[in-house]
Every structure is written in structure tokens, then in C-alpha cells.
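A structural walkthrough
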Amino acid sequence: MKGLLNVLAIQQLEGGTYTVDTILKVIKQITDWALAVGISLAGVALVISFIMYAVVDVDQKPRVKTRITQTLLGIFGIILAISLVNIIIRLFT
């Protein structure tokens, strides 16, 4: 147990001037960027899906509805995953 606490108390990484805080900041910036890009692309996919739903014939409407539902679940998954990463980063800062 004592060795585990020493591992968690790392202040600076070996072989460079990067600290754990700089690595956590970089990860947070990447997750913020991924969140913005992911939500933007999902929004574009939703707009395209709603246009497709408006113009397809009756036989293909269930398939388009399924695609819209999957896109909404993907947006929720992106937000949830990146939020969890940000929460974990806050625990270490």
C-alpha cells in the first residue's frame, strides 16, 4: 500500500521537464477539442438524416429512424465519455 501511494505522488516525469499537470492540461485540451468536433459532426449527421427522412419513401423510413436514433445515442456517448475523462482529470489536479 505504501508503494502505491508513492506512485500516485509523482510530481515530475523522468527524462524531461514535463510535469503531470502539463500532461493533464494537454489531455483536457484534446478532450475539449474532441467534444467540439464530435458534436459538430453529429449535428451535421442529424441534419442529413432528417433531410433523408423527409425525402425517402415509406419503405425506408424505419431504417432512417434507426439511423437518427443511433446518431443521438452516439452524441450522448461522446458527451458522457469526454465528461468522464474531464472528471478524472479534475481528481488529479
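Residues numbered from 1 in each chain as written. Predicted model: local features only at pLDDT ≥ 70, side-chain atom pairs only at ≥ 80, totals over all residues. Heavy atoms only, no water.

Okay, the overall build of the protein chain next. When helices and strands are tallied, the protein chain shows 3 helices and 0 strands. Its helices and strands in sequence order give the protein chain the pattern α-α-α, from N to C terminus. Here the protein chain holds 93 residues, and 15% of them are scored as buried. For the protein chain, the computed accessible surface area is about 7300 Å², with 71% contributed by carbon and sulfur atoms. (Helix = DSSP H or I, 4+ residues; strand = E, 2+ residues; numbered from the N terminus. Buried < 20%, exposed > 50% of the residue type's maximum accessible area, 1.4 Å probe, protein only. Areas by Shrake-Rupley, 256 points an atom, 1.4 Å probe, with all protein chains shown as cover.)

On to the nonpolar core, then. Counting residues in each nonpolar core, the largest one holds 6 residues, listed as Ala42, Leu46, Val56, Val64, Ile68 and Ile75. The set of elements that each furnish at least two residues to this core consists of helix 2 (20–55) and helix 3 (61–92). Non-local contacts of isoleucine 68, meaning those with residues more than four positions away in its chain, are made with Leu46, Ser49, Phe50 and Tyr53. (Core = buried A, V, L, I, M, F, W, Y, C linked by side-chain atoms within 4.5 Å. Contact = heavy atoms within 4.5 Å.)

This part takes up helix 2. Owing to its 3.6 residues per turn, the α-helix brings residues three or four apart onto one side. End to end, helix 2 covers 52 Å across 36 residues, agreeing with the expected 52 Å (1.5 Å per residue, within 8%). Of the residues making up helix 2, those classed as buried are Leu24, Thr31, Gly38, Ala42, Leu46 and Ser49. (Expected span 1.5 Å × (residues − 1).)

Another aspect to go through is the side chain of threonine 31. Position of threonine 31 relative to the elements: it lies in helix 2. Here the side chain of threonine 31 touches asparagine 86 through a polar contact of 3.0 Å, side chain to side chain. Look past the residues within four positions of threonine 31 in its chain and what remains in contact with it is Ile82, Val85 and Asn86. (Polar contact = N/O pair within 3.5 Å; in protein donor to acceptor, adjacent residues only side chain to side chain.)

Attention now moves to the environment of alanine 54. Structurally, alanine 54 can be placed in helix 2. Sequence separation of alanine 54 and valine 64 is 10 residues, and the distance between their C-alpha atoms is 9.6 Å.

Looking at the protein chain as a whole, the pLDDT averages 77, with 81% of positions reaching at least 70. Across the protein chain, element-level confidence peaks in helix 3 with a mean pLDDT of 83 and bottoms out in helix 1 (residues 2–8) with 49. Contacts of residues 1–5 to residues separated by more than four positions or lying in other chains number 0 contacts, the stretch itself having pLDDT below 50. (pLDDT = per-residue confidence, 0-100.)

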